Amino acid sequence: PLQNDNEIEPLHPLMIGDNDDEEFVDNATLIEQEDSILPIWLYEFLYPPKVPRECQMFRMENIAVPACYLLVGILQGLQGPFINVYPLFLNATPAQQVTLSSIKSLPASFKILFGFLSDNLPLMGYRRKSYMFVGWLIAGASMFTLLWCSDLN
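Residues numbered from 1 in each chain as written. Predicted model: local features only at pLDDT ≥ 70, side-chain atom pairs only at ≥ 80, totals over all residues. Heavy atoms only, no water.

Colleague: What am I meant to see in the overall build of the protein here?
Modeller: In terms of helices and strands, the protein carries six helices and two strands. Order of helices (α) and strands (β) in the protein, N terminus to C terminus: β-β-α-α-α-α-α-α. Expressed as a percentage of the 153 residues in the protein, the buried residues total 9%. A separation threshold of at least 6 residues defines the contact pool for the protein, and within that pool the share at least 24 residues apart is 26%. For the protein, the accessible surface area stands at approximately 12900 Å², while carbon and sulfur atoms represent 67% of it. (Helix = DSSP H or I, 4+ residues; strand = E, 2+ residues; numbered from the N terminus. Buried < 20%, exposed > 50% of the residue type's maximum accessible area, 1.4 Å probe, protein only. Contact = heavy atoms within 4.5 Å. Areas by Shrake-Rupley, 256 points an atom, 1.4 Å probe, with all protein chains shown as cover.)

Colleague: Can you walk me through the layout of surface pockets in this structure?
Modeller: Over the atoms, a rolling probe the size of a water molecule traces out where space has been left empty. Volume-wise, the largest pocket comes out at about 2300 Å³. Around the largest pocket sit 41 residues that line it, and V72, Q76, P107, G135 and A139 are the ones nearest its centre. Going through the elements one at a time, helix 3 (64-89), helix 4 (94-109), helix 5 (111-120) and helix 6 (129-149) are the ones with two or more residues in the lining of the largest pocket. Split into classes, the residues belonging to the lining of the largest pocket amount to 26 nonpolar, 10 polar and five charged. (1 Å grid on protein atoms, 1.4 Å probe; cavity = no way out; pocket = protein on both sides within 12 Å on 5 of 7 lines; lining within 4 Å. Points joined across faces, edges and corners; volume = space filled by probe spheres on them. Nonpolar A, V, L, I, M, F, W, Y, C, P; charged D, E, K, R; others polar.)

Colleague: I would appreciate a short explanation of the packing of aromatic side chains in the present structure.
Modeller: Under the counting rule described, the total for this entry stands at one aromatic pair. Considering the side-chain rings of Y43 and Y47, the 4.9 Å spacing of their centres and the 55° angle between planes classify their relative orientation as tilted. As far as burial versus exposure is concerned, Y43 and Y47 are alike and both buried. Directly above the ring of Y47 sits R59, whose terminal nitrogen or CZ lies 4.4 Å from the centroid. (Phe/Tyr/Trp six-rings, centres within 6.5 Å; stacked < 30°, edge-to-face > 60°. Lys NZ or Arg CZ within 6 Å of the ring centre and 35° of its normal.)

Colleague: In this structure, what is going on with the side chain of N62? I would like to understand it.
Modeller: Here N62 shows up in the loop between helix 2 (40-46) and helix 3. Since its relative accessible area comes to 17%, N62 is described here as buried. For N62, the side chain forms a polar contact with the main-chain oxygen of Q56, separated by 2.9 Å. Look past the residues within four positions of N62 in its chain and what remains in contact with it is R53, E54, C55, Q56, M57 and K129. (Polar contact = N/O pair within 3.5 Å; in protein donor to acceptor, adjacent residues only side chain to side chain.)

Colleague: Explanation requested: the packing of helix 3 against helix 4 in the structure shown.
Modeller: For any two helices packed against each other, the geometry comes down to the angle between their axes and how far apart the axes lie. Remark: helix 3 packs on helix 4, axes separated minimally by 10 Å, with the N-to-C direction vectors making an angle of 150°. Between helix 3 and helix 4, the angle is such that the two are roughly antiparallel. Helix-helix and strand crossings are classified by hand; for helix 3 and helix 4 the assignment is right-handed. Each of Q79, I83, P87 and L88 in helix 3 lies in contact with helix 4, whose residues at this interface are Q97, L100 and K104. When grouped by side-chain class, the residues that make up the contact of helix 3 with helix 4 number four nonpolar, two polar and one charged. (Axes fitted to C-alpha atoms, helices over the stretch in contact; angles between N-to-C directions. Parallel < 35°, antiparallel > 145°, perpendicular 65-115°, else oblique. Left-handed = near helix turned anticlockwise from the far one by under 90°.)

Colleague: I would appreciate a short explanation of the packing of helix 3 against helix 6 in the present structure.
Modeller: One way to put it is that helix 3 packs onto helix 6 with a least axis distance of 10 Å and a crossing angle of 30°. As the angle between them shows, helix 3 and helix 6 are arranged roughly parallel. The handedness of the crossing between helix 3 and helix 6 is left-handed. Between helix 3 and helix 6, the contacting residues are A64, V65, C68, L71, V72 and L75 on the first element and K129, M132 and W136 on the second. Considered class by class, the residues forming the contact of helix 3 with helix 6 number eight nonpolar, no polar and one charged.

Okay, here's the thing in structure tokens:
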């Protein structure tokens, strides 16, 4: 119960602790922690009890976003040397090399538009995960098309 009008009621269903040091934990987190094979210190590090489930990065339902960023970082890191050396191998002019790097960075210019699109048009009930899935499908299909249709000799 609220003592005055300025206090805010807790959002989580279960409140543990004294009035001085309050922690809010939901029932599902407590049940999962009891059933976990992880040590408590590691479990609390991966799934902080004060953070809502929707914001805990390593939960199975939330792992798509950090995994996507990890894979994009790995792929961009691996393509860097090839995208810079291959045009030199083909004797491309400096103008062609600049054009290639501009085309390569073009999709990053549309990030804001893709953000607005995914916020306002959810696919299959999801705002981000379905767009990431479609993007990875397109990227994978493109890689296989390059693999099968390219003459590597």
